[in-house]
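Tertiary structure, described
If you want the building blocks of each chain, they are given just below.
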Amino acid sequence: MENRLWLTLGISLMAMLALTNAYTHYRLPTAIKPDRYKLKVITHLENPANLTFNGQVSIRFNVLEETNNITLHAQNLTIDENRIQLKSYGDKKYRLCKESVQTVTEQDYYIIRLCQPLEKGQMYKLKLYFSGILSEKLHGYYRSSYVAKETNETRWLSVTQFEPASARAAFPCFDEPNYKAKFIIWMGHHKSLTALSNMPLEKQMPVNGLTDFIWSVFEESVPMSTYLVAYTVNDFKYKESKVEGSDVVFRTWARGDYINQCDYAAEVGPNVLKYYEEVFGIPFPLKKVDEIAIPDFSAGAMENWGLVTYRETALLFAPNVSSESNKQRIAEVIAHELAHQWFGNLVTMKWWTDLWLNEGFATYIASLGLKNLNPEWDSYNADSLDNSLSIFRRDAQLSSHPISQPILNTSQIGERFDSISYKKGSAVLRMLHMLLGQEGFFEGVRDYLMKHKYGNAEQDDLWAAFTEKAHKFDRIEPKYDMKVIMDSWTLQTGYPLVRVNRNYETGAIEISQHRYLENNTISEEEAKKCWWVPLSYTTPNELDFENTSPKVWMECDESGKSVPLKLENVVGPQDWIIFNIQLSGVYRVMYDMDNWRLLNATLNSDKFSSINVMNRAHLIDDVISFAWSGYHDYDITFDVLEYLTKEREYLPWKAALDGLSSVIRLLRPFTEQHDYFKTYLRYIIEPIYYHVEGLNNSLEATKTHSGILLKSLVTGWACRIELEDCVQTAVNYFQQWKQTKNPDEENQIPADLRPTVYCTAIRHGDKDDWQFLWQRYRASNVATEKRTIIVSLGCSRNEKVLRDYIDLTFDKAEYIRTQDVTFAFSSIARSEVGAPIARDYFAQNLAALHNFFGPQSTDLGRLLSSLSSQIISTEDFEKITQLIDSNKEYFKKAEKSVQSAYETINFNIQWIGRNVQDMKSRLADRLSLMGLLKTHVDA
């Protein structure tokens, strides 16, 4: 029986005493668990000078332990203390009174202290009235706008972004992921606008007392965490789609001017969702999915259940304007967000410590979704390689962190949305998939999802599911379990370098491991680390690059030390051996020099393609990285790289050019060395450049997806190292475009070549060229094109132009949206001319930049990252450390970014000291032997 008596709460004389007993722990007390929210929000968009919202929330909750307070979250909200109401359910009746209300700003707590305790086992309902301002920052419940093309009128909309901890900025709530509850959401808005939320619309009715306002009432939700609650009020249009065999209706929303760019996303979503339903064996539990492109959006996208929000660049595709890589990116993001509907939404991590269970899974499962959607793209291997390249660099730093690491304050959560959680999480799951096989992996996934659906889990729950399948399918010995194996990959920072040392007389191979570090130093603590490493390998006699199952394991003993491993007679003395088939494991492999020479001989022969393309890419990345970090010199690296003159596949080129980008960046200030290196690169790249027919819009080179990506990659580098044909063709393209009568409608530059053409033309052009491209940015209604232009404008070598551009970037009266300023800044910062300009701007405007992004943002860390990669002198290092040390409060959300930046700069300085003169003599000798230098210049 429900007690319907609402009790008025009065303030006690004990209020002042209560203030001295503030609860300041970073986690909510566990005495109360919410069961259902009824949320009513009225949004006012009619007056741009006063964009506000107000509402009420009724929270039904269970009391798990007797308590005399209700502690929940609220941030930047005005809560009417005089209207707080509390109601009890059941036969027992209580006289409930309020002793005091207290806020703890540091943890965003709103604490209601009561005269008498709430009883364990009882259910209550709390009702709060609140109001707030639609935020100008891109989190919480915030404002966005766009200019309608036909009327030139500014249109306002509102939208939420709650992950990780901003639901509290929209309504009072228990804002932690383990407090799942059902939600009934009522959105009050002007009748000319549309309201959307997680669930389908149930009904509409007038709002009493507000002319022309209506309530949009949505169905009760499934149980979900507060960070997944979503709603928006807008005037958008949509395209509807569904796929045969599924009852789920998709609606792809965008501003009216952009609706014709929704077709591709409308096709991808339903097909990917259906694939997930089939492989997970769990139907999607909602009737609809709304996918909406938001003009101002901080993340790439957000997986809110049933209402997925996106940046416009991540959802909208304009044929003949957006590129093939844009298309792949859109499909990847959609697949990622829809994978979250199971990994994150259906089953949610208990706390942000295990964020990777959301993001690592969504990243890996998305690569499988994309493979199913477009098998001809070969995107699975490309994604796998890209993930490995990213984490091999970031996780080689001492400032990296484990995949699963305790989060001890909400301020630490934002920085965990990084390559470790996403890409290393994905790479570890791929390794697990290859270990367990298709059947074992997906049986484990299904069991995990079924056991924890609508609930929360931690990584040990996942290991339990996979251990059972590993034993069932005989993938590991009965005495082992996946927790012991996988904890070595998720609970410690870094990854192993597997050293392979062969005795060519006895046939023995000794294998050892230690952590791979970019700076090639191993502390006593790091030396103790051990991973359970699944070792797959093949030889020229076998040439079995299909079997990725481990032939042997590198094990750790009970004390956590690596167990020595020795193999006997697995390869002849004249043959190479390759470990880590198809890069199935997350580790690098360091061979002895004789094995490298044997590999090099095959690579530089007409039999190079007998080595699997993923392993060719892996060998290239390893051999570049070992020289970069000082594990061996650059001669063996240059020897191996020369085989690239014959390579015609995308993945090895991707590995090579990604790896060499850091070398060319650090050599830029040293003119002679830089020129030598560009000459060497032109020798390597010229054959593939002409193979893909340069910047010509040829059908042959662009008939496959990977062919288009290869052409885009190679031509971008050819122009960067000033291959004459590339530069001249790019400039000609651009000048012909400038001369068209209507350049906004008549752009003949192939979409996939525009980043290269635009950047090259701006780098070699004048201020008039820059202004022309800036006007195209302002006129464009294609988000992907605008992003390309933003980055290309930073390619200028004119100091005055770059200074004006950086000022314009952070001028809110101008046209670059907050979400895009980091791209503009980074483009300037990463150029030789722009680096000091960006550095000075950062130092002189740090307080303004912090205010620009807001205290919740991690974007200052992103700016610092782009600056640090260019700092190569001790003097500049000291300046940046002094700046940060004297402004520590600005970097509370970017502690890891600061540590990484310092480590990057230190390494830059060390690398230059170790390599600049050595590189000069090595390159001069090599180029002379090749006949590419007329005279030898002594070092």
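Quick caveat, the model's predicted, so the values are computed rather than measured. (Residues numbered from 1 in each chain as written. Predicted model: local features only at pLDDT ≥ 70, side-chain atom pairs only at ≥ 80, totals over all residues. Heavy atoms only, no water.)

With that out of the way, let us pick up the UniProt feature "binding site: Zn(2+)" (unreviewed entry) in the chain. Taken from the UniProt record, the annotation "binding site: Zn(2+)" (unreviewed entry) applies to His336, His340 and Glu359. These annotated residues cover 24 residues of sequence, and their C-alpha atoms all fall within 8.5 Å of one another, placing them together at a single site. As for its placement among the helices and strands, His336 is situated in helix 3 (residues 324-339). Residue class for His336 comes out buried when judged on its relative accessible area of 10%. His336 has contacts with Glu359, Ala362, Thr363, Ala366 and Tyr422, leaving out every residue within four places of it along the chain. Here Glu359 lies in helix 4 (residues 356-373). Looking at Glu359, the relative accessible area reads 1%, which means it is buried. Among all residues touching Glu359, those that are not within four sequence positions of it are Glu163, Glu303, His336, His340, Phe417, Ser421 and Tyr422. (UniProt positions renumbered as here; feature names shortened; annotations may be inferred. Helix = DSSP H or I, 4+ residues; strand = E, 2+ residues; numbered from the N terminus. Buried < 20%, exposed > 50% of the residue type's maximum accessible area, 1.4 Å probe, protein only. Contact = heavy atoms within 4.5 Å.)

Counting across every chain of the model gives 56 salt bridges. Between Arg515 and Glu526 there is a salt bridge, with its nearest N and O atoms 3.1 Å apart. On the criterion of sequence distance, the pair formed by Arg515 in strand 25 (residues 508-515) and Glu526 in helix 9 (residues 524-527) is long-range, its members being eleven residues apart. Judged by its relative accessible area of 1%, Arg515 falls in the buried class. In this structure, Glu647 and Arg616 form a salt bridge, with 2.8 Å as the shortest nitrogen-oxygen distance. Of this pair, Glu647 sits in the loop between helix 12 (634-641) and helix 13 (650-667) while Arg616 sits in helix 11 (residues 613-628), and the two are 31 residues apart along the sequence. (Salt bridge = Lys/Arg side-chain N within 4 Å of Asp/Glu carboxyl O.)

With that out of the way, let us pick up the pairing of strand 9 (residues 123-133). Within strand 9, eight of the eleven residues are buried, which leaves it mostly tucked inside the rest of the structure. Here eleven bridges tie strand 3 (residues 52-63) to strand 9, and the two strands are oriented antiparallel to one another. Directly across from Ser58, in strand 9, lies its bridge partner Lys127. Across two bridges, strand 5 (residues 78-79) lies against strand 9 in antiparallel orientation. Bridged to Ile79 within strand 9 is Phe130. With four bridges connecting them, strand 6 (residues 85-88) and strand 9 associate as antiparallel partners. (Pairing = 2+ DSSP bridges.)

Ile70, Phe171, Tyr231, Tyr276 and Phe842 are the most contacted members of the largest nonpolar core, which has 287 residues in total. Looking at which element gives the most residues to this core, the answer is helix 6 (residues 419-452), with 14 residues. Residues Val159, Phe236, Trp253 and Met302 belong to the second largest nonpolar core, which totals 24 residues. (Core = buried A, V, L, I, M, F, W, Y, C linked by side-chain atoms within 4.5 Å.)

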